[in-house]
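Residue-level structure breakdown
In case you want the letters, here they are:
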Amino acid sequence: MMDLVSRNLLFIASGSLFIGFLVLIAYRGNWRKSGYMAVFFMSVATLALWVLALRCLASGQKDIQPILSLNLIGASLSFHIDSLSAVFLLVVPFVGLLTLLYAVEFMAKVYSERSPARYYPFALLLALAIVGVVTISDLFFFFIFWEIMTLASWALVWFERENEEKVKAAWTYFVVTHVAAACILVAMLVIYRESGSFAFEDISRAIGVMAENNRTLVHVLIVLFMLGFATKAGMFPLGGWLPQAYPAAPSPASAAFAGSMTKIGIYGIVRASLEFFNTSGLLTVWGGVIAIFGAISIFVGTLTALREDDSKRILSFHIIGQIGYMLLGIGTGFYFIQTKSILAVLALIAGLYHVVNHACYKSLLFLNVGAAEYATGMRDLNKMGGLGTIMPITMGAAIVASLSIAGIPPFSGFASKWLIYQSAFQGGIRMPLFLALGLIAMFISIATLASFMKLLGAIFLGQPAECTRRAQGEVPVAMRIPQVALAAVCVILGIAPILPLIVLYRAAQDILGNNYVPVFATLFGTNVSGVALNFGKGVAGLWNPVYALIALIFCSLASLVILRLGGAKSRSIVNWYGGEEHEPEEVRFRAHGFCLPFKTAFSKVYPSIRIPKIPALQGFRKVLDLDSWLYSPILKVGARFTERVSRTHSGVPHVYMIWQLIGAVVAFAILFILIRS
């Protein structure tokens with residue numbers, strides 16, 4: 001049934017983002033004015049989308065009548081908002097709004113010489129495209145929004161067009177993501193040939209018939225969709241573009257990407273798998289494949305991040321690792337979807353819970369390293385240090401984000417990882433492979449903690465580095481508010497896991513069906529302060545973050561009391577180096593030396609592929625290089641001509657009169673020739 005209120009809310013949000021895009025691309029004001037205008041348009045959209053999402057969670061799924069119908073190809077611009085869409089409508093605009101607010105001061109200082117029209121319009125267009133992707137119910141328009149999302153994000157990666165390395169990263173991103181999009185397009189056309197429609201409902205029915213007649217073709221379709229979505233998500237080995245593209249973009253854009261784009265890849269996997277292929281009976285096989293690639297992503301992405309010394313490249317490789325956790329949970333859910341519904345639902349919710357958590361703490365981490373870059377102009381961890389005393393709020397937010405991503409209780413990352421481990425271990429009872437995958441995930445979580453201890457130590461602790469002296473204090477308020485807000489969310493999602501679980505449970509009900517999903521209390525217990533996991537045979541796991549929080553506060557207070565009772569006085573002294581005198585820079589413990597034996601042992605964990613040079617392609621490249629054989633020769637000829645003309649301007653009146661005489665003679669000669677002819 002059509003819902004007019006939902007339609008109006010969606011129109012308000014989309015209209016605000018689209019008008020903002022048009023206004024800001026034409027506006028030629030300064031960075032701050034453009035930034036606050038973008039924040040205004042995004043605030044309107046966020047408010048409308050939150051109301052829409054909450055209405056959906058409170059009163060059920062919303063269908064919006066087609067706005068545009070292309071009867072010739074069976075496509076229509078129609079929308080369907082369920083609880084899975086609502087999850088993304090709550091998270092993505094929130095992160096987008098905070099990153100825009102953060103960008104106001106960051107971009108005004110770091111990129112003051114460039115035009116704001118390069119950044120803000122595309123940030124709003126990216127948000128608009130993502131809203132379209134998660135609410136559309138037609139595959140044709142889904143692909144159009146998907147492409148707009150890719151192009152808008154590419155424009156943000158291509159922001160520093162004067163930097164050759166960043167331009168190369170932007171083109172790598174463009175090519176890889178468009179090859180992935182081509183996979184989706186091919187799958188889409190094959191399905192259309194069978195169904196004659198792009199509507200999700202018709203596609204689901206058509207694939208059900210295809211699964212009975214041609215299972216090989218359905219396998220091929222699943223592969224094509226997975227290649228398309230997993231590339232966007234950044235799954236190993238398809239996420240090689242990610243450590244290039246994210247550092248190339250400005251830090252606020254990197255934070256927005258971390259909270260949206262890779263998550264939309266996960267959304268695509270879940271939506272396509274359960275909307276199109278759930279009735280095919282083939283998800284069991286592909287669930288196992290997804291879980292295996294998830295574990296490989298965890299292993300390779302995280303260990304590679306540990307050996308990086310660039311703050312944004314560390315975070316980028318960790319995205320590959322964290323995407324692995326999501327895929328491990330979701331893959332486990334798919335694998336058991338036919339045989340153990342309670343385990344399938346829990347694993348799926350665990351994977352989606354990690355999507356939400358990761359969107360918050362990874363965006364926060366990009367804002368933290370962006371703040372350090374803002375203050376020092378530096379991203380190399382070997383040259384940083386001692387920022388903690390100058391930027392305590394940024395350091396506090398970075399500690400919360402680091403403990404969250406490392407899965408330290410009671411922060412948010414622990415709750416979702418704990419659910420993923422539990423699902424994998426329970427799955428391991430029936431299929432031992434999942435036990436091994438769960439153990440890999442647990443082991444690598446320790447490496448994650450080591451990696452972020454390195455990041456925190458290198459940026460905020462120790463003696464102030466030379467670049468730290470450039471820092472003039474804490475970052476502006478507009479940059480502090482987003483960090484504090486995201487840190488607060490990381491804490492809330494950790495100590496009150498029941499809140500996100502209720503929302504994600506509704507999402508599982510909408511995509512799997514009410515009859516398939518067990519009662520909430522059966523899955524997670526009835527205690528609102530914690531989670532009592534039940535896989536059908538009694539409580540299998542218990543997690544109460546309130547108790548953990550109380551214990552943490554008690555231990556902290558106890559240590560303070562012991563310190564006071566001891567009466568020991570603190571004093572500041574110069575470090576003693578065995579009698580030798582050294583400058584602080586000489587004795588600084590560099591980030592590169594952190595966990596060095598471990599890094600050496602896993603130095604080649606991320607394989608590099610050398611692309612062979614093909615002579616024929618070299619010739620083709622020369623043909624495409626118009627600068628070398630067309631523009632440059634024309635410019636050289638033009639330059640020589642203008643240089644010779646300039647020599648005639650000697651400043652002597654007699655010379656000018658001679659030129660006038662010569663010109664008159666030439667003109668009369670031409671006129672005489674024309675009359676004669």
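Up top is the structure.
The model shown is predicted, which means the values in this text are computed figures rather than measured ones. Counting from 1, residues in each chain are numbered in the order their sequence is written. The predicted nature of this model means local features are confined to residues of pLDDT at least 70 and side-chain atom pairs, given and counted, to a pLDDT of 80 or more, with totals for whole chains, interfaces and linings taken over all residues. As a rule here, side-chain values cover all heavy atoms of the structure and leave hydrogens and water aside.

1. Here we look at the overall build of the protein
- Summing up its helical and strand segments, the protein has 24 helices and 6 strands in all.
- Each radius of gyration reported is based on C-alpha atoms, and the globular scaling rule is 2.2 Å times the count of residues to the power 0.38. At 29 Å, the protein has a C-alpha radius of gyration in line with the 26 Å of a compact globule built from 677 residues.
- On the principal axes, the C-alpha backbone points of the protein span a range of 110 × 85 × 50 Å.
- Buried residues in the protein amount to 54% of all 677 residues.
- It only takes one pair of heavy atoms within 4.5 Å for two residues to be counted as in contact. Across the protein, the fraction of contacts at a sequence separation of at least 24, relative to all contacts at a separation of at least 6, is 79%.
- For the protein, the accessible area works out to roughly 30500 Å², and carbon and sulfur atoms hold 67% of it.
- Side chains of the protein give 49 positive and 32 negative charges; the mean places of these two sets differ by 1 Å. Labels follow the DSSP assignment, with helices taken as runs of H or I lasting at least four residues and strands as runs of E lasting at least two, numbered in each case from the N terminus. Type-normalised accessible area, obtained with a 1.4 Å probe on protein chains alone, sets the label of each residue: buried when under 20%, exposed when over 50%, and partly exposed for intermediate values. Note on areas: Shrake-Rupley, 1.4 Å probe, and residue coverage restricted to the protein chains presented here. Within this scheme the basic residues Lys and Arg register as positive and the acidic residues Asp and Glu register as negative, but His and the chain ends are omitted. A charged residue contributes its charge at one atom only: NZ of Lys, CZ of Arg, CG of Asp or CD of Glu.

2. Quick word on the pattern of salt bridges
- Each salt bridge in this description consists of a side-chain nitrogen of Lys or Arg and a carboxyl oxygen of Asp or Glu lying within 4 Å of one another. Here the structure, examined in full by the defined rule, presents 12 salt bridges.
- Notably, a salt bridge pairs glutamate 160 with arginine 114, separated by 3.8 Å at the nearest N-O pair. Highlighted residues: glutamate 160 in the loop between helix H5 (139–157) and helix H6 (164–195) and arginine 114 in the loop between helix H3 (83–110) and helix H4 (120–135), separated in sequence by 46 residues.
- Residue classification places glutamate 160 among the buried positions, given a relative accessible area of 9%.
- Taking the relative accessible area as the measure of exposure, arginine 114 reaches 23% and is therefore partly exposed.
- The closest approach of N and O atoms between aspartate 309 and lysine 454, which form a salt bridge, is 3.2 Å. One end of the pair, aspartate 309, is in the loop between helix H11 (283–306) and helix H12 (311–335); the other, lysine 454, is in helix H16 (residues 432–460), with 145 residues separating them in the sequence.

3. A look at helix H2 (residues 31–59)
- Here, expected helix span is obtained from the residue count minus one, scaled by 1.5 Å. Over its 29 residues, H2 extends 42 Å from the first C-alpha to the last, a length consistent with the 42 Å expected when each residue adds 1.5 Å.
- Each polar contact in these results corresponds to two N or O atoms within 3.5 Å; when the atoms are within protein, one needs to be able to donate a hydrogen and the other to accept it, and residues that are neighboring in sequence are counted only if both atoms are side-chain atoms. Looking at where H2 begins, the residue whose side-chain oxygen comes 3.1 Å from the main-chain nitrogen of arginine 32 is asparagine 30.
- A positive phi of about 100° marks glycine 60, the residue just after H2.

4. Quick notes on a negative patch on the surface
- Like charges within 9 Å and nonpolar side chains (Val, Leu, Ile, Met, Phe, Trp, Tyr) within 5 Å are joined into patches, using only residues over 30% in relative accessible area that form no salt bridge. A contiguous patch of negative charge on the surface is contributed by Glu580, Glu581, Glu583 and Glu586.
- Take glutamate 586: it is sitting in the loop between helix H20 (545–566) and helix H21 (596–601).

5. Description of empty space enclosed by the protein
- Here a cavity denotes a set of grid points, spaced 1 Å apart and computed over the protein atoms alone, in which a 1.4 Å probe fits but from which it cannot get out, and a pocket denotes an open set meeting protein on both sides within 12 Å along at least five of seven lines; residues with an atom within 4 Å of a point are reported as lining. Grid points are joined across faces, edges and corners, and a volume is the space filled by probe spheres set on the points. One pass over the structure, following the stated rule, counts 3 cavities of 30 Å³ or more.
- Within this model, the largest cavity holds a volume of roughly 140 Å³.
- As for the largest cavity, its lining consists of 15 residues, and the residues nearest its centre are Gly96, Thr99, Ala123, Leu126 and Ala256.
- Of all the secondary structure elements, the ones that give two or more residues to the lining of the largest cavity are H3, H4 and helix H10 (251–276).
- In terms of residues, the lining of the largest cavity owes the most to one element, H3, which gives 5 residues.
- Class assignment for the residues of the lining of the largest cavity results in 12 nonpolar, 3 polar and no charged. In this classification, Asp, Glu, Lys and Arg are treated as charged, Ala, Val, Leu, Ile, Met, Phe, Trp, Tyr, Cys and Pro as nonpolar, and every other residue, Gly included, as polar.

6. Describing the packing of helix H14 (residues 392–405) against H16
- Note on definitions: angles span 0 to 180 degrees between N-to-C directions of axes, and those axes are lines fitted to C-alpha atoms, for helices only across the stretch in contact. With their axes 9 Å apart at the nearest point, H14 and H16 run at an angle of 170° to one another. When the axis of H14 is compared with that of H16, the two are roughly antiparallel. Each of Thr394, Met395, Ala398, Ile399, Ser402 and Ile405 in H14 lies in contact with H16, whose residues at this interface are Thr448, Phe452, Leu456 and Phe460.
- Residue classes in the contact of H14 with H16 are distributed as 7 nonpolar, 3 polar and no charged. Throughout, the term roughly parallel applies to angles under 35 degrees, roughly antiparallel to angles over 145, roughly perpendicular to angles from 65 to 115, and oblique to all others.

7. Some remarks on helix H24 (residues 653–676)
- For H24, which comprises 24 residues, the first-to-last C-alpha distance of 35 Å matches the rise-based estimate of 34 Å (1.5 Å per residue) to within 8%.
- Buried residues are scarce in H24, accounting for 0 of its 24 residues.

8. Looking at the environment of threonine 284
- Relative to the helices and strands, threonine 284 is located in helix H11.
- Placed 126 residues apart in sequence, threonine 284 and tryptophan 158 show a C-alpha to C-alpha distance of 40 Å.
- Beyond its immediate stretch of four places on either side in the chain, threonine 284 contacts Phe334, Tyr335 and Gln338.

9. Re the packing of aromatic side chains
- For Phe, Tyr and Trp, where Trp contributes only its six-membered ring, two rings pair if their centres lie within 6.5 Å, and the inter-plane angle classes them as stacked under 30 degrees, edge-to-face over 60, or tilted in between. The full count for this structure, using the stated rule, is 40 aromatic pairs.
- Judged by centre distance (5.9 Å) and plane angle (25°), the ring pair of tyrosine 102 and phenylalanine 106 falls under stacked. Linking tyrosine 102 with phenylalanine 106, this pair stays in helix H3, spanning 4 residues, or about one helical turn. Both residues of the pair, tyrosine 102 and phenylalanine 106, count as buried.
- Look at phenylalanine 140 and phenylalanine 141: their rings are 5.2 Å apart centre to centre, the planes differ by 85°, and that puts the pair in the edge-to-face class.
- Ring-pair connections join several aromatic residues into one group, and the members of that group are Trp31, Tyr102, Phe106, Tyr111, Tyr119, Tyr120, Phe159 and Tyr374.
- In this scheme, the term charge over a ring applies when either NZ of a lysine or CZ of an arginine sits within 6 Å of the ring centre and within 35 degrees of the ring normal. The aromatic ring of tyrosine 374 is capped on one face by lysine 109, whose charged end is 4.2 Å from the ring centroid.
- Across from the ring centre of tryptophan 158, 4.5 Å away, lies the NZ or CZ of arginine 161, which sits over that ring.

10. Overview of the side chain of glutamine 509
- Within the fold, glutamine 509 resides in helix H18 (residues 498–512).
- Other than its neighbours up to four places away in sequence, glutamine 509 contacts Asn514 and Val517.

11. Examining a nonpolar patch on the surface
- Taken together, Tyr656, Ile658, Trp659, Ile662, Val666, Ile670 and Leu674 make up a surface patch of nonpolar side chains, about 680 Å² in accessible area.
- Here isoleucine 670 lies in helix H24.

12. Some remarks on unusual backbone geometry
- Cis geometry is found at the peptide bond from phenylalanine 236 to proline 237, where omega equals 5°.
- By the element assignment, proline 237 lies in the loop between helix H8 (215–233) and helix H9 (242–248).
- Cis geometry marks the peptide bond from proline 409 to proline 410; its omega dihedral reads 5°.
- For proline 410, the position within the fold is in the loop between H14 and helix H15 (412–430).
- One non-glycine residue, cysteine 595, lies in the positive phi region at around 55°.
- By the element assignment, cysteine 595 lies in the loop between H20 and H21.

13. Describing the nonpolar core
- Membership of the largest hydrophobic core comes to 224 residues, with the highest contact counts inside it found for Tyr119 and Tyr120.
- Tallying contributions element by element places helix H13 (residues 341–376) first for this core, with 24 residues.
- Leave out the neighbours within four places in its chain, and tyrosine 119 touches Trp31, Ala103, Met107, Leu156, Phe159, Pro250, Pro252 and Ala253. Among the buried residues, those of types Ala, Val, Leu, Ile, Met, Phe, Trp, Tyr and Cys that are joined through side-chain atoms within 4.5 Å form a nonpolar core.

14. Overview of the packing of H14 against helix H17 (residues 477–495)
- Packing of H14 against H17 leaves a shortest axis separation of 9 Å and a crossing angle of 35°. The handedness of the crossing between H14 and H17 comes out as left-handed. Here Ile393, Thr394, Ala397, Val400 and Ser404 of H14 come into contact with H17, specifically with Arg480, Gln483, Val484, Ala487, Cys490 and Val491.
- Its residues assigned to classes, the contact of H14 with H17 shows 7 nonpolar, 3 polar and 1 charged. Left-handed describes a crossing in which the near helix is turned anticlockwise from the far one by less than a right angle; the clockwise case is right-handed.

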